[in-house]
Amino acid sequence: MPTAELSAEALAGRAADVERRIDTACRQAGRARAEVTLLAVSKTRSADEIRRLCASGQTRFGENYADEALAKQQGLADLELEWHYIGPVQSNKTRMLAGHFDWIQSVDRNKIIQRLADQRPAQLPPINILLQVNIDREPQKSGCDPADVANLACAVAACRTLRLRGLMAIPSAESSATESRSAFAAMRALFESLRADHLRVDTLSMGMSADLEAAIAEGSTMVRVGTALFGPRIRPNN
């Protein structure tokens, strides 16, 4: 369950702290601040909190649960927001995702690619697609094998209702800082290889609240931040 809802002032303060972290990480990496986009991960948070954070200038939000996200979108329809789906994609949810999201960051197999392509409403622009890579090859985690990226990328690129934008990864939660940095470096190499074959590829989504600095140092162009913006979730009592 989430923590108590944060005020607009508290959210603005947290957003400013995250901005300072990103700015510092970019300077230390010799990169321009404009090279890194902040995606606010708003799963389990309310539409009111999203609205308050939006007032501070944040317009990109990432959601993990399709039904929860759709309810929030309906309550925030008056705002110009960019919606990213970052959770595992289930086949029975692809029509909903295809109709209501600007980006889907967690595509990892051909079946999902084809369903999203077929179900994207004709009046909407192509969906921005990131291929999720299981960079540490964890058996319980979503994401394609690194060796499958090239073929999946070609499948996305062949669909007129989809736009291939790049890659996404979540390194193992069990990794040390050194191991995470190594995983980020491996993702950067995979990203550069993909970009050599697909010139419009421009997005490497990696790094979260705890490790965004390391991800930026290794070339991340989008960090997905939830806890640092909204606070930690509280585990329910057993």
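Residues numbered from 1 in each chain as written. Predicted model: local features only at pLDDT ≥ 70, side-chain atom pairs only at ≥ 80, totals over all residues. Heavy atoms only, no water.

**Some thoughts on helix α7 (residues 177-197)**
Over its 21 residues, α7 runs 31 Å from end to end, which matches the ideal 30 Å to within 8%, given 1.5 Å per residue. Listed as buried for α7 are Ser180, Ala183, Phe184, Met187, Leu190, Phe191 and Leu194. What you see down the axis of α7 is that its buried residues fit within an arc of 125°, all on one side. For α7, exposure combined with an orientation more than 90 degrees from the buried face picks out Thr178 and Ala196. Those residues of α7 that are buried are in contact with β5 (127-133), α6 (149-157), β6 (162-169), β7 (203-205) and α8 (212-217). (Helix = DSSP H or I, 4+ residues; strand = E, 2+ residues; numbered from the N terminus. Expected span 1.5 Å × (residues − 1). Buried < 20%, exposed > 50% of the residue type's maximum accessible area, 1.4 Å probe, protein only. Arc of directions from axis to C-beta. Contact = heavy atoms within 4.5 Å.)

**Topic: the nonpolar core**
Counting residues in each nonpolar core, the largest one holds 63 residues, and the members touching the most others are Ile104, Leu116, Leu131 and Leu167. If near-sequence neighbours (up to four positions away) are discounted, Leu116 is found in contact with Thr94, Leu97, Ala98, Ile104, Val107, Ile127, Ile129 and Leu162. (Core = buried A, V, L, I, M, F, W, Y, C linked by side-chain atoms within 4.5 Å.)

**Observations regarding α6**
Taken together, the buried positions of α6 are occupied by Val149, Leu152, Ala153, Ala155 and Val156. Down the axis, α6 shows its buried residues gathered within 160° of arc, on one side only. Where α6 is buried, its residues touch α5 (110-119), β5, β6 and α7.

**Some thoughts on unusual backbone geometry**
The backbone of Thr44 shows a phi angle near 70°, a positive value even though the residue is not glycine. One can find Thr44 in the loop between β1 (37-41) and α2 (47-54).

**What about the pattern of salt bridges?**
In the structure shown here, the tally under the stated rule is 18 salt bridges. A salt bridge links Asp23 to Arg27, with the shortest nitrogen-to-oxygen separation between them at 3.2 Å. Of this pair, Asp23 and Arg27 both sit in helix α1 (residues 8-28), four residues apart, roughly one helical turn. Taking the relative accessible area as the measure of exposure, Asp23 reaches 27% and is therefore partly exposed. The salt bridge partner of Arg45 is Glu49, with a shortest N-O separation of 3.0 Å. Accessibility classification places Arg45 together with Glu49 in one group, the buried group. Taken together, the shared-partner salt bridges connect Glu63, Glu68 and Lys72 into one network. (Salt bridge = Lys/Arg side-chain N within 4 Å of Asp/Glu carboxyl O.)

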